[in-house]
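The chain contents come next:
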Amino acid sequence: MAETVAMTASPFPTVEKCSSTDRGGDTVVADLDGTLLCGRSSFPYFAHMAFETGGVLRLLLLIVLAPLAGLLYYLVSEPAGIQVLIFASMAGARVADVEAVARAVLPKFYCSDLHPESWRVFSACGRRCVLTANPRIMVEAFLKEYIGADVVVGTELVVWRGRATGLVSSPGVLVGENKADALRRAFGDAAPEIGLGDRKTDYPFMRLCKEGYVVPATPKLKPVPREDLPKPVVFHDGRLVQKPSPALALLTVLWIPIGFVLACLRIAAGALLPMRMVYHAFRALGVRVTIRGTPPPPASRETGQTGVLFICSHRTLLDPIFLSTALGRPITAVTYSVSRLSEILSPIRTVRLTRDRAADAAMIRRLLTEGDLVICPEGTTCREPFLLRFSALFAELTDEIVPVAMENQMSMFHGTTARGWKGMDPFYFFMNPSPGYVVTFLNKLPGELTCGGGGRSSHEVANYIQRLIASTLSYECTSFTRKDKYKALAGNDGTVVSKPNIDNKNKLMGC
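Thresholds applied
Residues numbered from 1 in each chain as written. Predicted model: local features only at pLDDT ≥ 70, side-chain atom pairs only at ≥ 80, totals over all residues. Heavy atoms only, no water. Patch = residues over 30% accessible without salt bridge, like charges linked within 9 Å, V, L, I, M, F, W, Y side chains within 5 Å. Areas by Shrake-Rupley, 256 points an atom, 1.4 Å probe, with all protein chains shown as cover. Salt bridge = Lys/Arg side-chain N within 4 Å of Asp/Glu carboxyl O. Helix = DSSP H or I, 4+ residues; strand = E, 2+ residues; numbered from the N terminus. Buried < 20%, exposed > 50% of the residue type's maximum accessible area, 1.4 Å probe, protein only. Pairing = 2+ DSSP bridges. Axes fitted to C-alpha atoms, helices over the stretch in contact; angles between N-to-C directions. Contact = heavy atoms within 4.5 Å. Core = buried A, V, L, I, M, F, W, Y, C linked by side-chain atoms within 4.5 Å. Phe/Tyr/Trp six-rings, centres within 6.5 Å; stacked < 30°, edge-to-face > 60°. Lys NZ or Arg CZ within 6 Å of the ring centre and 35° of its normal. Right-handed = clockwise from strand over helix to strand, strands pointing away. Arc of directions from axis to C-beta. pLDDT = per-residue confidence, 0-100. Disulfide = S-S within 2.5 Å. Lys, Arg positive; Asp, Glu negative; His and termini not counted. Polar contact = N/O pair within 3.5 Å; in protein donor to acceptor, adjacent residues only side chain to side chain.

J.: Before we move on, could you go through a nonpolar patch on the surface and cite the residues and values that matter?
T.: The grouping of Val 56, Leu 57, Leu 60 and Val 64 at the surface amounts to a nonpolar patch, some 350 Å² of accessible area in total. Among the secondary structure elements, Val 56 is positioned in helix H2 (residues 43–76). Judged by relative accessible area, Val 56 falls into the partly exposed class, the value being 31%.

Following this line, the structure appears as structure tokens:
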């Protein structure tokens, strides 16, 4: 939970002395906080759980009870302190919501805190088990899907009618002898080869292993680099950008009312002012817009300049608005679907695709005769430095293509969601103290690389633009699609059935 006082006179050698050679046939049993993870506090993960399942009020409750949890943890017992955190963050929450947060939100933060020495030993073993005081439901998805744990034994919650009560099942929080008993139940008389722990309450289960190693507290330890992780985190959800300490969590709660008022002002400026003035208004209100490259001139019948199709990487649903801000003129955006509130607030024209290929192609060709157009061919947003597969339809419709690399910067809140209400996405983005966008205009696609002028296939053109934008941003290309994202984060394919009396076709959820 909170930082553990450094251990003295440990009966076990440190993990650095554990050999990871020829361990393929061995079984390792490890604690989580302070052992597999660099951080010795589980408060940040409970804070994410509280905010995602119960909003700001539940996060505030957790912050208020955190001092009590700390006092109980240090002066009474570890289980009592952890029980307070579990109750504050989960009491009354739907179990389905807890599972969704554990699957879609927490792995990103767990993966960014993996202990290098513990991971060296853990990953070398053929069978991997984790014993943790944290609720099993909260950590199992990360441990099994991202670091290959075979067995996860954790504290079990009491559930009533599909909701967590905030209480724990017998034998209680897994600390001390409870961990040792859980290990005996999981392995019987077979003693695991390696036990890894970081505190005295881990000693009982470590003594049941043939070899025990302690993970000492190491200030400013660098976690396993992202490129060395066994599985990259491509998709993740949740509104909070950072892993909140108690102080940062309190600051976030205090900022929310201020940030919401500021977001309303920023959205009003973007919606009400002429587009040529929005850049300056954003700058005055603390929104940073950086423009790189040379944008093309606007379409003009007098000069014969036809409309171009801007192909953007997709970071938030605000991408077309910041593109228009960079150009100083409104650009029509073709979207798969956005919330009704976002359409009302949008300062630019938005046109929905129907998912009928012929109808969409005809509509886009018509719109291009009227002026410039912007489309995000990934079809959904991605927060991490990856580009999803580009839909190839756009390449068949025009040779006047200008790729645009979009980047955004947020310090407190994410402006996208897969599980929450998408109408709040612009508000969360603009609630950041100083959000930023970097709009990089790349050169217009040469004729020899287009479908019409160069005889290239639409897939060749789409893949080339994907690689070009990825190279500009130092991102990685993937073949993942919208369905992959929603399957990973929301457990569905990203579609909802429309009301029969309005539209008998499926409409896709927002970006």
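J.: Kindly report on the sheet that holds strand E11 (residues 350–352), identifying the contributing residues and their values.
T.: The sheet built from seven strands is open, its strands ordered E8-E15-E14-E9-E12-E10-E11 with mixed pairing. Two strands lie at the open edges of the sheet, namely strand E8 (288–292) and E11, each paired on one side alone. Going across the sheet, the axis of each strand differs from the next one's by a mean of 25°, ignoring polarity. Across the sheet, helix H12 (residues 319–327) lies against E8, strand E9 (309–312), strand E10 (332–335), strand E12 (373–375), strand E14 (401–409) and strand E15 (436–441), angled at about 65° from E15, the strand it touches most. Contacting E9, E14 and E15, helix H17 (residues 458–473) crosses the sheet at an angle of about 40° to E14.

J.: For the pairing of strand E5 (residues 163–168), give the residues involved together with the corresponding values.
T.: Sheet analysis places strand E4 (residues 157–160) next to E5, joined by three bridges and oriented antiparallel. Pairing of Leu 157 across the sheet is with Val 168, part of E5. The hairpin formed by E4 and E5 contains two residues between the paired strands, and Arg 161 there has a positive phi angle of roughly 55°.

J.: Explain H12 to me, using residue names and the numbers behind them.
T.: Within H12, nine of the nine residues are buried, leaving the element largely enclosed by the surrounding structure. Two residues or fewer past H12, Gly 328 is found with a positive phi of approximately 80°.

J.: How would you sum up the nonpolar core? Please name residues and give values.
T.: In terms of nonpolar packing, the biggest core is built from 104 residues, with Leu 143, Phe 310 and Phe 322 touching the most fellow members. Contacts of Phe 310, omitting those with residues within four sequence positions, involve Pro 296, Leu 323, Leu 327, Arg 329, Ile 331, Asp 372, Leu 373, Val 374, Ile 375, Val 402, Val 404 and Phe 441. Among the nonpolar cores identified, the runner-up in size contains 33 residues, and Tyr 336, Ile 364, Leu 445 and Ala 462 belong to it.

J.: Can you break down the packing of aromatic side chains residue by residue, with the values?
T.: Applying the stated criterion across every chain, the model contains 16 aromatic pairs. Ring geometry for Tyr 73 and Tyr 74: centres 5.3 Å apart, planes at 85°, overall edge-to-face. With a relative accessible area of 43%, Tyr 74 lands in the partly exposed category. Seen in terms of ring centroids, Phe 260 and Phe 427 are 5.6 Å apart; in terms of plane orientation they differ by 20°. Their pairing is stacked. In this pair, Phe 260 sits in helix H10 (residues 246–272) while Phe 427 sits in helix H15 (residues 425–430), placing the two residues 167 residues apart along the sequence. Every member of this aromatic cluster is reached through a ring pair, and the members are Phe 282, Phe 322, Phe 429, Phe 430 and Tyr 437. In this structure, Lys 231 packs its charged tip against the face of Tyr 146, placed 4.8 Å from the ring centre.

J.: Summarise the pairing of strand E3 (residues 151–155); cite the residues concerned and give the values.
T.: Within E3, five of the five residues are buried, which leaves it mostly tucked inside the rest of the structure. As defined by bridge partners, strand E2 (residues 127–135) adjoins E3 across four bridges and the pair is classed as parallel. Among the inter-strand pairings, Val 130 is bridged to a residue of E3, identified as Val 152. On the question of chirality, the crossover connecting E2 to the parallel E3 by way of helix H7 (residues 136–146) is right-handed.

J.: So what's going on with helix H8 (residues 177–187)? Residues and values would help.
T.: By the burial criterion, the buried members of H8 are Lys 179, Ala 180, Ala 182, Leu 183 and Phe 187. Buried residues of H8, viewed axially, fall in a sector of 160°; they line one side. Its buried side turned inward, H8 meets strand E1 (27–30), E2, E3 and helix H9 (203–206). Trailing H8 by a residue or two, Gly 188 shows a phi angle of about 65°, which is positive.

J.: A description of the confidence of the model for the protein chain should follow, citing residues and the corresponding values.
T.: Predicted confidence across the protein chain gives a mean pLDDT of 90, with 93% of residues reaching 70 or more. Looking at the elements of the protein chain, mean pLDDT is at its lowest for strand E18 (residues 506–508), recorded as 34, and at its highest for E1, recorded as 98. Overall, residues 1–7 carries pLDDT values under 50, and its contacts beyond four positions in sequence, including any with other chains, amount to 27 contacts. Counting interchain partners and residues more than four positions distant, the pLDDT-below-50 stretch residues 496–510 has 28 contacts.

J.: Could you give an account of the sheet that holds E2, with specific residues and numbers?
T.: The sheet built from five strands is open, its strands ordered E3-E2-E1-E6-E7 with parallel pairing. Here the strands that pair on one side only, and so sit at the sheet edges, are E3 and strand E7 (211–214). Neighbouring strand axes in the sheet, compared pairwise and without regard to direction, differ in orientation by 15° on average. Relative to E2, E1 is paired through four bridges, and the arrangement is parallel.

J.: Quick rundown of the state of the cysteines? Include the residues and the values.
T.: All told, the structure shown has zero disulfides when counted by the stated rule. With no disulfide of its own, Cys 129 has Cys 209 as its nearest cysteine by sulfur position, at a separation of 8.9 Å. Cys 477 carries a free sulfur, and the closest cysteine sulfur to it, the one in Cys 382, is 12 Å from it. Residue Cys 477 is classed as partly exposed on the basis of its relative accessible area, which comes to 30%.

J.: Explain the pattern of salt bridges to me, using residue names and the numbers behind them.
T.: According to the stated counting rule, one finds 21 salt bridges in the structure shown. With a shortest N-O distance of 3.2 Å, Glu 384 and Lys 108 are connected by a salt bridge. Here the residue Glu 384 occupies a position in the loop between E12 and strand E13 (386–387), and Lys 108 occupies one in helix H5 (residues 106–111), the gap between them amounting to 276 residues. The exposure class of Glu 384 is buried, given its relative accessible area of 7%. Across the pair Arg 239 and Asp 425 runs a salt bridge, and its minimum N-O distance is 2.9 Å. With a gap of 186 residues between them, Arg 239 in the loop between E7 and H10 and Asp 425 in helix H15 connect regions that are remote in the sequence. This pair shows no difference in class: Arg 239 is buried, exactly as Asp 425 is.

J.: Any details on the side chain of Asp 319? Residues and values, ideally.
T.: Looking at the element boundaries, Asp 319 is found in helix H12. No salt bridge is formed by the buried Asp 319, whose closest oppositely charged neighbour, Arg 315, lies at an N-O distance of 6.8 Å. At a separation of 2.7 Å, a polar atom in the side chain of Asp 319 contacts the side chain of His 314. If sequence neighbours within four positions are ignored, Asp 319 has contacts with Ser 313, His 314, Cys 376, Met 406 and Tyr 437.

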